[in-house]
Amino acid sequence: MKNIAVIGSGTMGNGIAHTFAQFGYNVQLIDISQEALDKGLATITRNLDRMVAKDKISEADKAKTLGNITTYTTIKEGVKYASLVVEAATENSDLKLKIFKELDEVCPDDTILASNTSSISITKIAAATKRPDKVIGMHFMNPVPIMKLVEIIRGYNTSDEVMQFTVDLSKKINKIPVEVNDYPGFVANRILMPMINESIETLYNGVAGVEEIDTVMKLGMAHPMGPLQLADFIGLDVCLSILNVLYDGFKNPKYAPCPLLVNMVMAGKLGVKSGEGFYDYSQGKKAEKVALQFAK
């Protein structure tokens, strides 16, 4: 296997493409527009430049990594020779089902189809294809080139061979694979998102402010980043989508998204990606507290 197709050149997609390319795989990076692809490649280039500056890789390594990536604006052309496709599109169930249905139609019969979904059922995704035994979850962590963990999610029909292959491949790109079963949120987000949601509830109910909540968790629980700043980093829209998957999947009110989170997403305050969330990232600011007009 040398050809890996990656669907989506956003935060997760360009990180996945970067990682496979750095380990010598030919990567076909696919998105709906050349503008999106150029933005993804620019991010990969900046991240490689940081690695060069820290003497982790050489200029020759950087050039080789970038040379291993080819871009496409159509799925059909991009996956023509792929042995593995990793879908890293927006965390939207309908979109993912549409993509996997198309992948099943245009990919070679032996191509393995993986999703980087952080919460959506792999069994549900696989049901959109005629090859459910070859569909699996590969949930990378952000930032992908740095974080070691990959959650490997087995759908109801995922074969043992595909499971083992995916575990072995993850090790070849210097990741640590952890096998989990197919339930809403898997392990990482089933535990993380309720914590983030409770942190937002704590703010919403006026128990403490943004910086105070994050400081307690950093200094008291040894978290490298507070939960509200982490939510900004993940994207508040992504947090809301995952919580909705958990709530719909378990029908348990403990997963219901905090009204403050819902209002912030509706207002377009999505965190780092929009320039403002629980902190202000505009004009180069990194983590400056902002007023939350919907807080109680």
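As annotated in an unreviewed UniProt entry, the protein chain carries the name 3-hydroxybutyryl-CoA dehydrogenase and comes from Polaribacter pacificus. Note on the protein chain: under the UniProt heading Sequence similarities (unreviewed entry), the record states "Belongs to the 3-hydroxyacyl-CoA dehydrogenase family."

Asks: Lay out the overall build of the protein chain in plain terms, naming residues and giving numbers.
Replies: Counting its secondary structure elements, the protein chain contains twelve helices and ten strands. Across its three principal axes, the protein chain shows a C-alpha extent of roughly 55 × 45 × 35 Å. When the 296 residues of the protein chain are sorted by exposure, 46% land in the buried category. Of the contacts made within the protein chain by residues no fewer than 6 positions apart, 65% connect residues no fewer than 24 positions apart. When the accessible surface of the protein chain is summed, it comes to about 14300 Å², and 54% of that surface belongs to carbon and sulfur atoms. Charged side chains in the protein chain number 32 positive and 34 negative. The centres of these two groups are separated by 2 Å.

Asks: Which residues make up the environment of Thr158, and what are the values?
Replies: Mapping Thr158 onto the fold places it in the loop between strand 7 (149-154) and helix 7 (160-172). Between the alpha carbons of Thr158 and Lys134 there is a distance of 5.9 Å; along the sequence they are 24 residues apart. Setting aside anything within four residues of it in sequence, one finds Thr158 in contact with Pro132, Asp133, Val135, Ile136 and Met163. Within the local environment of Thr158, its side chain forms a polar contact with the backbone oxygen of Val135, the two atoms lying 2.7 Å apart.

Asks: Run through the packing of aromatic side chains, naming residues and quoting values.
Replies: This model, assessed by the stated rule, comprises three aromatic pairs. Geometrically, the ring pair formed by Phe20 and Phe140 is edge-to-face, given 6.4 Å between the ring centres and 75° between the ring planes. In this pair, Phe20 sits in helix 1 (residues 11-22) while Phe140 sits in strand 6 (residues 135-140), placing the two residues 120 residues apart along the sequence. Per residue, the accessibility class of Phe20 equals that of Phe140, and both read buried. Through a chain of ring-to-ring contacts, three or more aromatic side chains come together here, namely Phe20, Tyr25 and Phe140. Directly above the aromatic system of Tyr25 lies the positively charged group of Lys2, at a separation of 5.0 Å from the ring centroid.

Asks: For the pattern of salt bridges, give the residues involved together with the corresponding values.
Replies: Considering all chains together, one arrives at nine salt bridges under this definition. Residue Asp160 pairs with Arg154 through a salt bridge whose shortest N-O separation is 3.0 Å. For Lys273, the salt bridge goes to Asp237, with nearest N and O atoms at 3.0 Å. Taken together, the residues span a long stretch of sequence, with Lys273 in the loop between helix 12 (259-266) and strand 9 (279-280) and Asp237 in helix 11 (residues 236-250) at a distance of 36 residues. Judged by relative accessible area, Lys273 falls into the exposed class, the value being 52%. By relative accessible area, which is 24% here, Asp237 ends up partly exposed.

Asks: Hey, could you go over the sheet that holds strand 2 (residues 26-30) for me, with residue numbers and the actual values?
Replies: Judged by pairing direction, the sheet is mixed, and its eight strands sit side by side in the order 3-2-1-4-5-6-7-8 without closing on themselves. Looking at strand neighbours, the two that pair on one side only are strand 3 (69-72) and strand 8 (176-181), the edges of this open sheet. Averaged over all adjacent pairs, the angle separating strand axes in this sheet is 25°, with direction ignored. Examined bridge by bridge, strand 7 and strand 8 share six bridges and lie parallel to one another. Each bridged residue has a counterpart across the sheet, and for Ile152 the counterpart in strand 8 is Glu179. Against the sheet, helix 2 (residues 34-53) contacts strand 2 and strand 3, and its axis sits at roughly 160° relative to strand 3.

Asks: So what about the UniProt feature "domain: 3-hydroxyacyl-CoA dehydrogenase C-terminal" (unreviewed entry) in the protein chain? Which residues, and what values?
Replies: The UniProt feature table records "domain: 3-hydroxyacyl-CoA dehydrogenase C-terminal" (unreviewed entry) at residues 185-281. Here residues 185-281 is 62% helix and 2% strand, with 28 Å between the C-alpha atoms at its ends.

Conventions we followed
- In every chain, residue numbers begin from 1 and rise along the written sequence.
- With pLDDT at 70 or above as the cut-off, local features in this predicted model cover only qualifying residues; side-chain atom pairs require 80 or more to be listed or tallied, and sums for whole chains, interfaces and linings still use all residues.
- For side-chain calculations, the full set of non-hydrogen atoms in the structure is used, while hydrogens and water are omitted.
- UniProt positions are given in the numbering used here, feature names are shortened, and annotations may be inferred rather than shown by experiment.
- Where helices and strands are cited, they refer to DSSP runs of H or I of at least four residues and of E of at least two residues respectively, numbered from the N terminus.
- Relative accessibility under 20% of the residue-type maximum defines a buried residue, over 50% an exposed one, and the middle range a partly exposed one, all with a 1.4 Å probe and only protein chains included.
- Two residues form a contact once any of their heavy atoms are found within 4.5 Å.
- Working definition of accessibility: Shrake-Rupley area with a 1.4 Å probe, residue cover restricted to the visible protein chains.
- When charges are counted, neither His nor the chain ends are considered; positive counts come from Lys and Arg and negative counts from Asp and Glu.
- Think of each charge as sitting on NZ of Lys, CZ of Arg, CG of Asp or CD of Glu.
- By the criterion applied in these results, polar contacts are pairs of N or O atoms within 3.5 Å in which, for protein atoms, one can donate a hydrogen and the other can accept it, and in which residues neighboring in sequence qualify only through two side-chain atoms.
- What counts as a ring pair is set by centres within 6.5 Å for rings of Phe, Tyr and Trp (its six-membered ring), and what kind of pair is set by the plane angle: stacked under 30 degrees, edge-to-face over 60, tilted for all other angles.
- Only Lys NZ and Arg CZ are tested; either one counts as a charge over a ring when it is within 6 Å of the ring centre and within 35 degrees of the ring normal.
- A side-chain nitrogen of Lys or Arg and a carboxyl oxygen of Asp or Glu constitute a salt bridge if their distance falls within 4 Å.
- By the convention used here, strands pair only if DSSP detects at least 2 bridges between them.
- To obtain each axis, a line is fitted to C-alpha atoms, and for helices this fit is confined to the stretch in contact; angles are then taken between N-to-C directions over 0 to 180 degrees.

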